[in-house]
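# Analysis of the macromolecular model
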Amino acid sequence: MTERILLIRHMPGERADRVAVNLARRGYELDQVWVAEGQALPSRADGYAGAVIYGGSQMVSQIEGIDYLKAEREWLSSWIAEDQPLLGICLGAQLIANTLGARVCPHPDGMTEIGYAEIAPTDAEGNPIAEPMTVYHWHHEGFDLPDGAELLAEGQVFENQAFRFGANVYGLQFHPEVTKEMMAQWLENAKESLAKPGAQPPERHRSMAEIHFEPSGLWLETFLDHWLPGD
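Residues numbered from 1 in each chain as written. Predicted model: local features only at pLDDT ≥ 70, side-chain atom pairs only at ≥ 80, totals over all residues. Heavy atoms only, no water.

## Section: the sheet that holds strand β11 (residues 169–172)
Strand order in the open sheet formed by nine strands is β2-β1-β3-β4-β11-β10-β9-β6-β7, and the pairing between neighbours is mixed. Bordering the open sheet on either side are β2 (29–34) and β7 (133–139), each of which pairs with just one other strand. For this sheet, the mean inter-axis angle between neighbouring strands, taken without regard to orientation, is 25°. Relative to strand β3 (residues 48–53), helix α2 (residues 67–81) is tilted by about 145°, and along the sheet it contacts β1 (4–9), β3, β4 (86–89), β10 (160–165) and β11. (Pairing = 2+ DSSP bridges. Helix = DSSP H or I, 4+ residues; strand = E, 2+ residues; numbered from the N terminus. Axes fitted to C-alpha atoms, helices over the stretch in contact; angles between N-to-C directions. Contact = heavy atoms within 4.5 Å.)

Printed below as a string of structure tokens:
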């Protein structure tokens, strides 16, 4: 039987993002759920080799007013308790951190990270982030490190950039899944965010992508091998 991966999406529309493409290439069957459109999450983690929680325009600091995010947080608590592989990206990482009891909030100085910025690895044992790398960001909030989690990468604006909880749960503040096509859509559809403190102008996004898009994709492939090593 083909192993399945659950993809939890917070924004409408199908996306051939780099995580989904890589997982499909590895032979996984991808089950997608759009929670903001009222689609229900599976009742149990059983039957899945792992789950990926994507980003979105929603804010964890507003979770008490967003019923489907509250339900997702409860669902995440059960998934984590079953020690199933879990990867959270941006909003997904923030939801995992919040589920584990950590604070998620805006930067104290009102800064954002929108564009490319360097992150640096910590000395955590078995860290899949082996060296500094420049990665793509698009977020207005950051997370505190949950109790019991290991910090894997740090940044200059938002300090906590990646963490591991137990052996199977990872949270990434940055966006390794983004394609150049997705970046172009974000620059157009969310261009009001480009006026916020810390956001880079569109030409900076595009010029930095020419340098860092391919290396971050190569890192993603090695990370997925680390996260889901297979048989």
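## Quick word on the packing of helix α4 (residues 180–189) against helix α5 (residues 202–227)
Two elements in contact, α4 and α5, have axes separated by 11 Å at closest approach and are oriented at 170°. Regarding the angle of α4 to α5, the classification is roughly antiparallel. Remark: the crossing between α4 and α5 carries right-handed chirality. Every residue of α5 that contacts α4 at Lys 180, Met 183 and Leu 187 is listed here: Pro 202, His 205, Arg 206, Ala 209, Glu 210 and Phe 213. (Parallel < 35°, antiparallel > 145°, perpendicular 65-115°, else oblique. Left-handed = near helix turned anticlockwise from the far one by under 90°.)

## What to know about the environment of Gly 50
Along the polypeptide, Gly 50 turns up in strand β3. The spacing of Gly 50 and Asn 168 is 118 residues in sequence and 8.9 Å in space, taken between C-alpha atoms. In contact with Gly 50, other than residues within four places in its own chain, are Arg 4, Ile 5, Leu 6, Trp 79 and Pro 85.

## With respect to the environment of Gln 58
With respect to the secondary-structure elements, Gln 58 resides in the loop between β3 and α2. Classification of Gln 58 by relative accessible area gives buried; the value is 11%. The residues contacting Gln 58, other than those within four sequence positions of it, are His 10, Met 11, Ala 36, Ile 66, Tyr 68, Leu 69 and Leu 91. Within polar-contact distance, the side chain of Gln 58 engages the backbone oxygen of His 10 at 3.0 Å. (Buried < 20%, exposed > 50% of the residue type's maximum accessible area, 1.4 Å probe, protein only. Polar contact = N/O pair within 3.5 Å; in protein donor to acceptor, adjacent residues only side chain to side chain.)

## Points about the nonpolar core
Leu 23, Val 52, Ile 129 and Phe 174 are the most contacted members of the largest nonpolar core, which totals 29 residues. Elements with a minimum of two residues in this core: β1, α1 (18–25), β3, β4, β7, β9 (149–154), β11 and α5. For this core, the element with the highest residue contribution is α5, accounting for five residues. When residues no more than four places from it in sequence are discounted, the contact partners of Ile 129 are Ile 119, Pro 121, Leu 152, Ala 153, Ala 162, Phe 174 and Trp 219. (Core = buried A, V, L, I, M, F, W, Y, C linked by side-chain atoms within 4.5 Å.)

## A look at the pattern of salt bridges
The full count for this structure, using the stated rule, is nine salt bridges. Residues Asp 31 and Arg 4 are paired through a salt bridge, measuring 2.9 Å at the closest nitrogen-oxygen approach. With a gap of 27 residues between them, Asp 31 in strand β2 and Arg 4 in strand β1 connect regions that are remote in the sequence. Here Asp 31 falls in the buried class, since its relative accessible area comes to 18%. (Salt bridge = Lys/Arg side-chain N within 4 Å of Asp/Glu carboxyl O.)

## Digging into the side chain of Asn 168
Within the secondary structure, Asn 168 sits in the loop between β10 and β11. Looking at Asn 168, the relative accessible area reads 19%, which means it is buried. Apart from residues lying up to four places away in sequence, Asn 168 is in contact with Asp 83, Gln 84, Pro 85, Leu 86 and Trp 227.

## Things to note about the pairing of β9
Alignment of strand β6 (residues 113–121) against β9, held across two bridges, turns out to be antiparallel. Within β9, the position partnered with Ala 120 by the bridge is Glu 154. From the end of β9 to the start of β10, which pair antiparallel, there are five residues.

## Quick look at the packing of α2 against helix α3 (residues 91–99)
In a pair of packed helices, the angle between the axes and the distance between the axes together describe the arrangement. Two elements in contact, α2 and α3, have axes separated by 9 Å at closest approach and are oriented at 70°. With respect to α3, the element α2 is oriented roughly perpendicular. For the pair α2 and α3, the crossing hand works out as right-handed. Facing α2, whose interface residues are Leu 69, Glu 72, Arg 73, Leu 76, Ser 77 and Ile 80, α3 presents Leu 95, Ile 96, Asn 98 and Thr 99. Taken together, the residues of the contact of α2 with α3 break down into five nonpolar, three polar and two charged. (Nonpolar A, V, L, I, M, F, W, Y, C, P; charged D, E, K, R; others polar.)

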